[in-house]
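Descriptive analysis of the structure
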Amino acid sequence: MFRFALSRLALIVPTFIGVSIVAFAFIRLLPGDPIMLLAGERGMSAERYAELQAEMGFDRPIVAQYFDYLLGLFQGDLGTSIVTKRPVLEEFFTLFPATIELAFCAIVLATTIGIPLGVLAAVKRGSWIDQTVMGTALVGYSMPIFWWGLLLIILFSGTLGWTPVSGRISLMYFFPPVTGFMLIDSLLSGQEGAFTSALSHLILPTVVLATIPLAVIARQTRSAMLEVLGEDYVRTARSKGLSPRRVIGLHALRNAMIPVITTVGLQVGVLLAGAILTETIFSWPGIGKWMVDSVFRRDYAVVQGGLLLIAIIIMFVNLIVDMLYGLINPRIRH
Amino acid sequence: MRNLKTLMATTMLVACFGAAAQAKTLVYCSEGSPEGFDPALYTAGTTFDASAHPIYNRLLEFKKGTTETEPGLAESWEVSEDGLEYTFTLREGVKFHSNDAFTPSRDFNADDVVFSFERQFDEENAYNAYVSGASWEYYNSMSMPDLVESIEKVDDMTVKFTLSEPNAPFLANLAMPFASIMSKEYADQLQEAGTPEQLNQAPIGTGPFEFVAYQTDATIRYQSFDDYWNGVEAIDDLVFAITTDASVRQQRLVAGECHVMAYPNPADVASLQENPDLTVMEQEGLNVGYFAYNTQQEPFDDPAVRRALNMAINKQAIIDAVYQGAGTVAKAPIPPTMWSYNDNLVDDEYDSEAAQAALEEAGVTDLSMKIWAMPVSRPYNPNARRMAELIQADFDRIGVDVEIVSYEWGEYLERSSAEDRDGAVLLGWTGDNGDPDNFLAVLLGCDAVGGANRAQWCNEEFDKLVQDAKSLESQEERAELYMQAQEIFKEEAPWATIAHSIVYVPMQSSVSGFVQSPLGDMTFDGVDIAE
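Residues numbered from 1 in each chain as written. Chains lettered and ligands numbered in written order. Predicted model: local features only at pLDDT ≥ 70, side-chain atom pairs only at ≥ 80, totals over all residues. Heavy atoms only, no water.

Describing the sheet that holds strand E7 (residues 158-163) of chain B
Residues and elements named next belong to chain B. Rules: DSSP calls a pair of strands paired once it identifies at least 2 bridges connecting them. We count a stretch as a helix when DSSP gives it H or I for four or more residues in a row; a strand needs E for two or more, and each element gets its number in order from the N terminus. Angular values range over 0 to 180 degrees, each being the angle between N-to-C directions of two axes fitted as lines to C-alpha atoms, with helices fitted over their stretch in contact. A contact between two residues is defined here by any heavy atoms of the two lying within 4.5 Å.
In space, the four strands of this open sheet follow the order E4-E5-E7-E6, with antiparallel pairing throughout. In this open sheet, the two edge strands, each paired with only one partner strand, are strand E4 (74-79) and strand E6 (148-155). Within this sheet the neighbouring strands show an average axis-to-axis angle of 20 degrees, counted without direction. Relative to E7, E6 runs antiparallel, the two sharing six bridges. In the strand pairing of E7, lysine 153 is matched with valine 159. On the sheet, helix H4 (residues 110-121) packs against strand E5 (85-90), E6 and E7 and is oriented at approximately 160 degrees with respect to E6.

Focus: the pattern of salt bridges
Side chains that differ in charge, positive against negative, can pair when their charged atoms come close. Residues and elements named next belong to chain A. Condition: Basic side-chain nitrogens of Lys or Arg form a salt bridge, by our definition, when they fall within 4 Å of a carboxyl oxygen of Asp or Glu. Accessible area is worked out with a 1.4 Å probe on protein chains only. A residue is then buried under 20% of its type maximum, exposed over 50%, and partly exposed in between.
One pass over the full model with this rule turns up 33 salt bridges over all chains. Note that arginine 235 and aspartate 232 form a salt bridge whose closest N and O atoms lie 3.8 Å from each other. Residue arginine 235 and its partner aspartate 232 are both found in helix H10 (residues 232-239); the two are separated by three residues, about one turn of the helix. Take arginine 235: its relative accessible area is 57%, and that puts it in the exposed class.

Some points on the confidence of the model for chain A
For clarity, the threshold we go by: Each residue carries a pLDDT value, the predictor's own confidence for that position, ranging from 0 to 100.
Of the residues in chain A, 99% reach a pLDDT of 70 or more, and the chain-wide mean stands at 86. Within chain A, the lowest mean pLDDT, 77, falls on helix H2 (residues 34-39) of chain A, and the highest, 93, falls on helix H9 (residues 194-229) of chain A.

Focus on the environment of aspartate 146 of chain B
All names here are of chain B. Topologically, aspartate 146 is positioned in helix H6 (residues 144-147). Accessibility expressed as a relative area gives 63% for aspartate 146, which makes it exposed. Residues aspartate 146 and leucine 163 lie 17 residues apart in sequence; the distance between their C-alpha atoms is 8.5 Å.

Looking at empty space enclosed by the protein
One water molecule sets the probe size; rolling that probe over the atoms shows where empty space is left. Residue and element names in this part refer to chain B. Keep this limit in mind: Definitions used throughout: a 1 Å grid over protein atoms alone; a cavity as a set of points that fits a 1.4 Å probe which cannot get out; a pocket as an open set with protein on both sides within 12 Å along at least five of seven lines; a lining residue as one with an atom within 4 Å of a point. Grid points are joined across faces, edges and corners, and a volume is the space filled by probe spheres set on the points.
Applying the stated criterion across every chain yields a total of three cavities of 30 Å³ or more. By volume, the largest cavity is sized at about 100 Å³. Lining the largest cavity are 15 residues, with Val503, Val505, Gln516, Gly520 and Met522 positioned closest to its centre. When residues of the lining of the largest cavity are traced back to their parent elements, those giving at least two are strand E12 (278-284) and strand E18 (495-508). Counting residues per element, the lining of the largest cavity draws most heavily on E18, at three residues.

A few points about the packing of helix H11 (residues 244-281) of chain A against helix H13 (residues 300-328) of chain A
Residue and element names in this part refer to chain A. We apply this condition: The labels follow the angle: roughly parallel below 35 degrees, roughly antiparallel above 145, roughly perpendicular from 65 to 115, and oblique for the rest.
Packing of H11 against H13 brings their axes to within 10 Å, and their N-to-C directions diverge by 175 degrees. Taken together, the axis directions place H11 and H13 in an arrangement best described as roughly antiparallel. For the pair H11 and H13, contact is made by Arg254, Met257, Ile258, Ile261, Thr262, Gly265, Val268, Gly269 and Leu272 and by Ile310, Ile314, Val317, Val321, Leu324, Tyr325, Leu327 and Ile328, respectively.

With respect to the packing of aromatic side chains
To describe a pair of aromatic rings, you give the distance between the ring centres and the angle between the ring planes. Residue and element names in this part refer to chain B. This is how it is decided: Here a Phe, Tyr or Trp ring, Trp counted by its six-membered ring, pairs with any other such ring whose centre lies within 6.5 Å, and the pair is stacked when the planes are under 30 degrees apart, edge-to-face when over 60, and tilted otherwise.
In this structure the tally under the stated criterion is 41 aromatic pairs over all chains. With a centroid separation of 5.4 Å and an interplanar angle of 90 degrees, the aromatic rings of phenylalanine 115 and tyrosine 127 are classed as edge-to-face. You can see phenylalanine 115 sitting in helix H4 and its partner tyrosine 127 sitting in the loop between H4 and helix H5 (137-141), a full twelve residues away along the chain. Residues phenylalanine 115 and tyrosine 127 agree in their burial class; the two are buried. Every member of this aromatic cluster is reached through a ring pair, and the members are Tyr28, Phe37, Phe211, Tyr214, Tyr222, Phe240, Phe514 and Phe524.

Side note on the layout of surface pockets
Short version of the rule: When residues are sorted by character, Ala, Val, Leu, Ile, Met, Phe, Trp, Tyr, Cys and Pro go into the nonpolar class, Asp, Glu, Lys and Arg into the charged class, and all the rest, Gly among them, into the polar class.
Empty space within the second largest pocket amounts to approximately 1300 Å³. Surrounding the second largest pocket, 38 residues form its lining, Arg42 and Ser45 of chain A together with Asn140, Ser141 and Ser143 of chain B being those nearest its centre. Within the lining of the second largest pocket, the residues separate by chemical class into 13 nonpolar, 14 polar and eleven charged.

With respect to the nonpolar core
Keep this limit in mind: Nonpolar core, defined: a set of buried Ala, Val, Leu, Ile, Met, Phe, Trp, Tyr and Cys residues in which side-chain atoms within 4.5 Å join the residues together.
Within the largest apolar cluster, 154 residues are counted, with the highest numbers of intra-cluster contacts made by Leu59, Phe88, Phe161, Phe291, Phe395 and Phe524 of chain B. Non-local contacts of phenylalanine 291 of chain B, meaning those with residues more than four positions away in its chain, are made with Ile313, Met369, Ile371, Ile391, Phe395, Ala424, Val425, Leu426, Pro494, Trp495, Ala496 and Ile498 of chain B. If you look at the next biggest cluster of nonpolar residues, it comprises 35 residues, including Val119, Ala122, Ala210 and Ile248 of chain A.

Here we look at the interface of chain A and chain B
Threshold: The term buried area refers to how much accessible surface (probe radius 1.4 Å) is lost by two components on association, counted for both of them together.
Taken together, the 46 residues of chain A in the interface contact 57 residues of chain B. Carbon and sulfur atoms make up 58% of the area that chain A and chain B hide from each other, which totals about 4200 Å². A per-residue breakdown of the area chain A buries against chain B is headed by Glu41, Arg42 and Phe174 of chain A, which together make up 23% of the total. At the boundary of chain A and chain B, one finds two salt bridges. Here arginine 298 of chain A and glutamate 408 of chain B are joined by a salt bridge, their closest N and O atoms 3.6 Å apart. Going through the elements one at a time, H2, helix H3 (46-56), helix H5 (88-123), helix H7 (145-159), H11 and helix H12 (287-296) of chain A are the ones with two or more residues in the side of chain A that touches chain B. Counting residues per element, the side of chain A that touches chain B draws most heavily on H7 of chain A, which supplies five residues.

Here's the deal with the state of the cysteines
All names here are of chain B. This is how it is decided: We call a pair of cysteine sulfur atoms a disulfide when they lie within 2.5 Å.
Summed over all chains, the structure comprises two disulfides over all chains. A sulfur-sulfur distance of 2.0 Å marks the disulfide that ties cysteine 446 to cysteine 458. Classification of the bridge connecting cysteine 446 and cysteine 458 rests on its S-S torsion, roughly 90 degrees, and on that basis the disulfide is right-handed. One end of the pair, cysteine 446, is in the loop between helix H17 (437-444) and helix H18 (460-471); the other, cysteine 458, is in the loop between H17 and H18, with twelve residues separating them in the sequence.

As structure tokens, then:
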């Protein structure tokens, strides 16, 4: 197991270098120049332009700029935002807990509902339950997130008044962030009602963000289960008189889990992408919104730093998924 | 942290004593995150609303609801006969805010004024490069480095600015966000502690509200400053709830989560106006959307051709379709809320037939041209592509063939400045300091050809009027010259003036004392909430 983990870890180094090149090149390949954007309608004299270019280091050859960047990376320096003038890493860690909190709740919701629904649909294959679950999953999968989010806000916050419109907690609660996770911080603050408020603010964004992963997980679980349910060992288990619950829960589900875990792992990327829209609709102060703003402002340091950090997260999630395979199916370890 | 503790203590007190001790909190649903809290580093209005207006003061301030200036931290000033020396007498007894790291030991004085400006041009100043990439963009773009020769402290309460040439708009510049007065004592203390960047993150000013905390991309909290020189505010706390999506801001306002909201979708204004709990203020923004010919190229070098084309544009249709009604037809290059606006100008009447006849009379047939459409939405032009298509259809009616072109925004700005650029460009301008010079000289002056003067138009008579007005001290005399300049502009028609957009500010009816600023600033001093 240890050697397996180590070999996976070794693969991460070249991937990291590759991602750093892609992240660095991506924002520079987009047309548009942060300095001209800074000047706006007024324009800028050629001298001033050259002066600013030199100040920001954009006048150096592109390869030299990349190696400066790489050197910074190995010292843990991801550069400074052109816009806010704050270190990228500092901004990232301020905003990241909000995204994690939301993504975590969404993936929990998506798996706790998606897997049982998928199992149910597979077991009752062809029944109205199966058709309803798969039909709904298809709709959920195709739902435009922005529209879906606004629809929920208008219904539940506007018309019914059940949930708050946006934000992470009611504005009447105010305490310094300790962990950055609002659910934990609100408990730590000891203020009455703060936790409930934070929880109620999480409901709609979680539902919106979980919608697509939930649909994907339900569909994947169903097809994996169907495959496993047709296997010989399931028939054997049934014929030796095991209860249907044990057959499905112990023999079938465990074997169906491998493709499902892959799917859940892949959903982390989907979640981070979905977070961009969800965070924008719900004014959720996370990294999705931060990245979008930065792309529009051509904030090179933030975009390349953000991409890199997100890529690192996805790499580690994939690593963990690989480890989980090993746990579930010992054959993969070798 | 001290502010924070006070606020937490207040919150707990409120929790204990219930409604009796309820603090008055005004919540503003703002449209975006501030870039930082040192206004001189930035150029965005969103940043100024969160920094310059609540936290700081300037030597001069804009009179509420106007583009005129009035004394701020300078009580009075004298201008030398040659118009080169401005001597400011500072206000006595003005206090700075405090926070957990800083308690001011003295009142505001001349050192603070000198520091606030010096750091923007003096490379020797420790704060000239206190954050990475500090470029002092507004100080530079308002040509302050060329204009200001020196800033001297005469005595503790007197400061003298020496200019390189007489320049009346200079006073309006001093009321702009970049001219906000910082505490030198605080800056020195931060410098010693090795944390100068805190000047931009934990701001200290003299303004109506003290900064409490900023939770990145979520909320900014302020509390009313008890020692404010201009009287204590009626509200206790001010909260900016950052909500980037306009539809969501509207939902929050309707749900009562905020008292005032920024920039509603024009299409939603009608429903907001119908809501009995809300009031919607409206005013023309300090902007103009225009269509600039390249007056150095044939056939657009002939004013008769430009006027003929202007007549062919159905501006009202553009207001309806592009601005969704949230705009007014522009007839002058400056907005109606600005002093010296010439209301006597008569706009070109929309008349396709007359336009076609005038074009033929000018000897132009089979004209084909390019129209440049901006790729982004701006307050003065929410949808340039659509506007270009409407003008294309209008021009088609008079036999002019149009090709629409567009580039990425930075590229667009650069290419459209070039003197040899072809066709006509859609663009616009939002004023900086409320001075007519900021439109007429910046956008239409001879010096700006090849730069912000996208019409590449240099008219000697116009330019002389605008330059002369710059060196006069009396606002009345200046206004007279600007009015004449606008007449020349209208006659010469380097642009088709399309529209001034309307800025709407929806708020709860319980909010009183809010004054809409023609400069587009959101300011909350003097605002109260009915119980």
